[in-house]
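# Residue-level structural notes
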Amino acid sequence: MDEYRKANQKMWDEFALINSRSKFYQVDEFKKGRSSLDELNLSEMGEVKGKSLLHLQCHFGLDTLSWARLGAQATGMDFSSEGIRIARELAEELKIPARFVCCDLYDLPDHLAEQFDRVYTS
């Protein structure tokens, strides 16, 4: 990995820790059932129940977990190992079935071979 990509990844690892604790993301409310998705995203994606959904650049997973709460078979990917760690912890704590993959977007075909009904990025 080149030095610029490493620096970017380090920054996003730090952002994941900061953002997961910030009031802006409202993680406590999310844990109580609040969705992180807005009406535009919901209407544009349509019904996701029973659909496989890939969330690119999922940060620490709130949108991925929100899609899973709506019944999607959700997979989130991000290249921040801290973001993925936090997302997996939230999924386990909240008992939300979602999968998280840590890799660079350009390396995703090396980590996932399946096709998805929906692909989402936020």
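Here goes a summary of the coordinates provided. Small disclaimer: the values here were computed from a predicted structure and weren't measured.

Its location among the elements puts aspartate 63 in helix α4 (residues 62-69). As a buried residue without a salt bridge, aspartate 63 has its nearest oppositely charged side chain in arginine 34, at a separation of 7.4 Å. Within polar-contact distance, the side chain of aspartate 63 engages the side chain of tyrosine 120 at 3.1 Å. Looking at aspartate 63, its side chain comes within polar contact range of the side chain of serine 122, at 3.0 Å. Contacts of aspartate 63, omitting those with residues within four sequence positions, involve Ser36, Leu37, His55, Tyr120 and Ser122.

Another point: the layout of surface pockets. Of the volumes computed, that of the largest pocket is approximately 580 Å³. Taken together, 26 residues make up the lining of the largest pocket; nearest its centre are Gln57, Cys58, His59, Asp78 and Ser122. Of all the elements in the fold, those that place two or more residues in the lining of the largest pocket are α1 (3-21), α4 and β2 (73-78). The element contributing the most residues to the lining of the largest pocket is α1, with 3 residues.

Among the 5 residues that make up strand β1 (residues 52-56), 5 are buried, leaving the element largely enclosed by the rest of the structure. Along β1, one buried face is formed by Ser52, Leu54 and Leu56 and the opposite face, lined by Leu53 and His55, is buried too. Each parallel crossover has a hand, and the one from β1 via α4 to β2 is right-handed. Sheet analysis places β1 next to strand β4 (residues 118-121), joined by 4 bridges and oriented parallel.

Before going further, it helps to spend a moment on the pattern of salt bridges. The tally for this structure, following the rule as stated, stands at 6 salt bridges. Taking the shortest distance from any N to any O, the salt bridge between arginine 5 and aspartate 104 comes out at 3.5 Å. Here arginine 5, found in helix α1, pairs with aspartate 104, found in the loop between β3 (98-102) and β4; they are 99 residues apart in sequence, far enough to count as distant. With a relative accessible area of 31%, arginine 5 lands in the partly exposed category. Residue aspartate 104 is classed as buried on the basis of its relative accessible area, which comes to 10%. Between glutamate 14 and lysine 10 there is a salt bridge; the shortest N-O distance is 3.5 Å. Here glutamate 14 and its partner lysine 10 are both found in helix α1, 4 residues apart, which amounts to about one turn of the helix.

Here is what the cut-offs are and how they apply
Residues numbered from 1 in each chain as written. Predicted model: local features only at pLDDT ≥ 70, side-chain atom pairs only at ≥ 80, totals over all residues. Heavy atoms only, no water. Helix = DSSP H or I, 4+ residues; strand = E, 2+ residues; numbered from the N terminus. Buried < 20%, exposed > 50% of the residue type's maximum accessible area, 1.4 Å probe, protein only. Lys, Arg positive; Asp, Glu negative; His and termini not counted. Salt bridge = Lys/Arg side-chain N within 4 Å of Asp/Glu carboxyl O. Polar contact = N/O pair within 3.5 Å; in protein donor to acceptor, adjacent residues only side chain to side chain. Contact = heavy atoms within 4.5 Å. 1 Å grid on protein atoms, 1.4 Å probe; cavity = no way out; pocket = protein on both sides within 12 Å on 5 of 7 lines; lining within 4 Å. Points joined across faces, edges and corners; volume = space filled by probe spheres on them. Right-handed = clockwise from strand over helix to strand, strands pointing away. Pairing = 2+ DSSP bridges.

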